[in-house]
Amino acid sequence: MRRRSLAALRLATVPSARRAKTAEASAGPDDAGRSRDETVVDELRAENAQLRQALDSRPVIDQARGILMATESCTAEQAWDILRQTSQHTNTKVYEVAGEVVASATGAVVPGPVRTQLQAAVDRHRAARRAGG
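Residues numbered from 1 in each chain as written. Predicted model: local features only at pLDDT ≥ 70, side-chain atom pairs only at ≥ 80, totals over all residues. Heavy atoms only, no water.

Going by the annotation in an unreviewed UniProt entry, the name recorded for the chain is ANTAR domain-containing protein, with Streptomyces chrestomyceticus given as the source organism.

Picture a little ball the size of a water molecule; that probe, rolled over the atoms, points out where space is still empty. Each pocket or cavity is described by its volume, and for the largest pocket that value is around 180 Å³. Ile67, Leu68, Thr71, Glu72, Val101, Ser104, Val110, Arg115, Leu118, Gln119 and Val122 are the residues that line the largest pocket. Sorting the residues of the lining of the largest pocket by element identifies helix 3 (32–72), helix 5 (94–105) and helix 6 (112–132) as the ones contributing at least two each. Broken down by class, the residue content of the lining of the largest pocket amounts to six nonpolar, three polar and two charged. (1 Å grid on protein atoms, 1.4 Å probe; cavity = no way out; pocket = protein on both sides within 12 Å on 5 of 7 lines; lining within 4 Å. Points joined across faces, edges and corners; volume = space filled by probe spheres on them. Helix = DSSP H or I, 4+ residues; strand = E, 2+ residues; numbered from the N terminus. Nonpolar A, V, L, I, M, F, W, Y, C, P; charged D, E, K, R; others polar.)

We now examine the confidence of the model for the chain. This prediction gives the chain a mean pLDDT of 80; 74% of its residues lie at or above 70. Here helix 1 (residues 2–13) stands out as the element of the chain with the lowest mean pLDDT, 45, in contrast to helix 4 (residues 76–90), whose mean of 95 is the highest. Note on residues 1–14: pLDDT under 50 across the span, and three contacts to partners over four residues away in sequence or across chains. (pLDDT = per-residue confidence, 0-100. Contact = heavy atoms within 4.5 Å.)

Below, the discussion takes up the nonpolar core. Ranked by size, the top nonpolar core spans 15 residues in total, and within it Ile61, Ala64, Leu68, Ile82, Leu83 and Val101 carry the most contacts. Of all the elements in the fold, those that place two or more residues in this core are helix 3, helix 4, helix 5 and helix 6. Sort the elements by how many residues they give to this core and helix 5 lands first, with five residues. (Core = buried A, V, L, I, M, F, W, Y, C linked by side-chain atoms within 4.5 Å. Buried < 20%, exposed > 50% of the residue type's maximum accessible area, 1.4 Å probe, protein only.)

All right, on to the packing of helix 4 against helix 5 then. In the contact formed by helix 4 and helix 5, the axes pass within 9 Å of each other and the chain directions differ by 115°. Considering their axes alone, helix 4 and helix 5 lie roughly perpendicular with respect to each other. Read as a crossing pair, helix 4 and helix 5 show a hand that is right-handed. Contact residues: helix 4 offers Trp80, Leu83, Arg84, Thr86, Ser87 and Thr90, while helix 5 offers Val94, Val97, Ala98 and Val101. Partitioned by chemical class, the residues of the contact of helix 4 with helix 5 number six nonpolar, three polar and one charged. (Axes fitted to C-alpha atoms, helices over the stretch in contact; angles between N-to-C directions. Parallel < 35°, antiparallel > 145°, perpendicular 65-115°, else oblique. Left-handed = near helix turned anticlockwise from the far one by under 90°.)

Most peptide bonds adopt trans geometry, and most residues besides glycine take a negative phi value. The phi dihedral of serine 73 falls on the positive side, at around 50°, and the residue is not glycine. Take serine 73: it is sitting in the loop between helix 3 and helix 4. Judged by relative accessible area, which is 55%, serine 73 ranks as exposed. Unusually for a residue other than glycine, asparagine 91 sits at a positive phi of about 55°. Mapped onto the fold, asparagine 91 is located in the loop between helix 4 and helix 5.

Because an α-helix packs 3.6 residues into every turn, residues spaced three or four apart end up facing the same way. With 21 residues, helix 6 should reach 30 Å at 1.5 Å per residue; the first-to-last C-alpha distance of 30 Å fits that figure. Among all positions of helix 6, only Val114, Leu118, Ala121, Val122 and His125 are buried. Taken around the axis of helix 6, the buried residues stretch over an arc of 95°, which confines them to a single face. Of the residues in helix 6, the exposed ones pointing more than 90 degrees away from the buried face are Pro113, Arg130 and Ala131. (Expected span 1.5 Å × (residues − 1). Arc of directions from axis to C-beta.)

Structural data, given as structure tokens:
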């Protein structure tokens, strides 16, 4: 444990230019290690962007689920299924469909294809509810 701490301390005190030179030397002549590191960093950046998008879109999706739950007397999972089905049938992102549902609650008109598929998903939900009892 002490050796790791000392090694980390030495690494932290080495100037960044010297650290880069040391990293290049340890990567080998083909710099495969460096390109792998760059690939990992790029993948992590992409994942970070996706997670930020998910965090930004989550409140709108939750609002749309709440609206569907109130208007269609369904569970949160059923509301999610309605949003998901509409998204799939219109080739639209779920958060965009959710935004249309939220906007429609304030009186805005939902675009034709989304409105049609949303109504079809709601109709399927109602039919399943009637069939289930």
